[in-house]
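# Examination of the molecular architecture
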Amino acid sequence: MDKSMIPFLSLEATDIDDPSVLPYKKEINESHETRARCLEELRNEIKNIKDIDPCLDDSFLIAFLRASKFDTQKALQRMLNYYQQCDVLLHAFLKCSLSLQRAQSFNHLFFSPYRLKNNSLLLIAINKTLDYRTCTFAERFYLEVITVHRLLLENPINQMCGVTCIFDLDGFNIHSLRACTPEWLRILVNFTLNAAPCRVKAVYLVNSAPIFASIFNIVNPLLSKKIRDRVFIHSRNEGWKKLHASIPAEILPKQFGGEISDDQMIYYTQDVQKMQEKFLKTFAFGSLKHQSKRKSMKVIC
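Per an unreviewed UniProt entry, the chain is named CRAL-TRIO domain-containing protein, and its organism is Larinioides sclopetarius.

Given below as structure tokens:
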């Protein structure tokens, strides 16, 4: 495929003044003036919260402001939710331990090298590469947390334009069902949708089988109406025509009837050590009560 002919922005793009990004910059109410004013307001607000050691870096604060369309109070609440959920993650990952080699072997999470027309990044998670008889949901979710954490806090276009997700449920079986406990599903939903500085544009559940209905029945009540309206389920027998109506084949891998070869897709698991280092630096901030435990946590050794 001739890259010069692709009418889609690269995943690696970071220029928020790119002409294709400007409408989304306007959509979230970002300007030089609002950025400066809201950063100062949010910094002052979070500094006055008791029993919290907040990260005050501009790069961290701006992610929450963009996720909240520069509504300072909403950004503040999301930051407080984030710190609360970090303590939930601390408890959830307490007994989770991964060797570097094992962490690099998962390869269930990857990204298209091109963005959608709305400039959201395209994240794809594959279920069939995971055998829940030998791995845990905690191990999987930890790798997803540190990967998405990097993408959200390092790339301003991701903060502005959000993420579109494809979850391939091919291979979802009784072991998958047992691993996805109601407790883990609540943690996933609360952290992703209510705490992380993330704008979820759409979620596509493909290759869905009847057994997955049990999971969706647990998750659905936890979702806001806005998010429920952005979730689309495609059964394993319907082909790719409906998916291509929403996500162009030009930016999809061949396994979804797309035109991108496997070696063009972007995997981040080979860089897990660096991603963990950056995540843990941010993870150390938050509630003073559990700060020492958060500072000592290290899952990938």
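There's plenty left to go through after this.
## Quick look at the overall build of the chain
Helix and strand counts for the chain stand at 14 helices and eight strands. Over its C-alpha atoms the chain spans a radius of gyration of 19 Å, differing by no more than 12% from the 19 Å that the globule rule assigns to 301 residues. Here the C-alpha coordinates of the chain stretch approximately 55 × 45 × 35 Å along the principal axes. Split into buried and exposed, the 301 residues of the chain put 52% on the buried side. Taking as baseline every contact in the chain between residues at least 6 positions apart, the subset at least 24 positions apart corresponds to 78%. In the form shown here, the chain has an accessible surface area of approximately 14,400 Å², with 51% of it arising from carbon and sulfur atoms. Seen as two clouds, the 40 positive and the 32 negative side-chain charges of the chain have centres 5 Å apart.

## Considerations on helix H4 (residues 72-92)
Between its first and last C-alpha, H4 extends 30 Å over 21 residues, near the 30 Å set by a 1.5 Å rise per residue. At the N-terminal end of H4, a side-chain oxygen is found 3.2 Å from the backbone nitrogen of Gln-73, two or three residues along, and the residue is Asp-71.

## With respect to the UniProt feature "domain: CRAL-TRIO" (unreviewed entry) in the chain
The UniProt feature table records "domain: CRAL-TRIO" (unreviewed entry) at residues 166-264. The span residues 166-264 carries 36% helix and 17% strand; its end-to-end C-alpha distance comes to 17 Å.

## As for the sheet that holds strand E2 (residues 109-111)
If you trace the six strands from one edge of the open sheet to the other, you get E6-E5-E4-E3-E2-E7, paired in mixed fashion. Strand pairing shows two members of the sheet lacking a second neighbour, strand E6 (231-235) and strand E7 (266-267), which therefore form its edges. Along the sheet, helix H6 (residues 137-154) contacts E2, strand E3 (121-126) and strand E4 (163-168); its crossing angle with E2, the most-contacted strand, is approximately 25°.

Reading the values: rules and limits
- All residue numbers refer to positions counted from 1 along the written sequence of the respective chain.
- For a predicted model such as this one, the threshold for reporting local features is a pLDDT of at least 70, and the threshold for listing and counting side-chain atom pairs is 80 or more; totals across whole chains, interfaces and linings nevertheless cover every residue.
- Excluding hydrogens and water, the side-chain values take into account all heavy atoms of the structure.
- Every helix listed is a DSSP run of H or I at least four residues long, and every strand listed is a run of E at least two residues long, numbered separately from the N terminus.
- Throughout, radius of gyration means the C-alpha value; the globule benchmark is 2.2 Å times the number of residues raised to the power 0.38.
- Each residue is assigned to one of three classes by its accessible area relative to the maximum for its type, calculated with a 1.4 Å probe on protein chains only: buried under 20%, partly exposed between the two thresholds, exposed over 50%.
- We call two residues contacting when some pair of their heavy atoms lies within 4.5 Å.
- Only the protein chains shown count as covering a residue, and every accessible area follows the Shrake-Rupley method with a 1.4 Å probe.
- We count Lys and Arg on the positive side and Asp and Glu on the negative side, and we leave His and both chain ends out.
- Charge placement uses NZ in Lys and CZ in Arg. For Asp and Glu, CG and CD serve respectively.
- By this rule, a helix spans an expected 1.5 Å times one less than how many residues it contains.
- In protein, a polar contact requires one atom able to donate a hydrogen and another able to accept it; more generally it is a pair of N or O atoms within 3.5 Å, and residues adjacent in sequence count only if both atoms are side-chain atoms.
- UniProt positions are given in the numbering used here, feature names are shortened, and annotations may be inferred rather than shown by experiment.
- Strand pairing is assigned whenever DSSP detects at least two bridges linking the two strands.
- Geometry is summarised by axes, namely lines fitted to C-alpha atoms with helices restricted to the contacting stretch, and by angles between N-to-C directions that run from 0 to 180 degrees.

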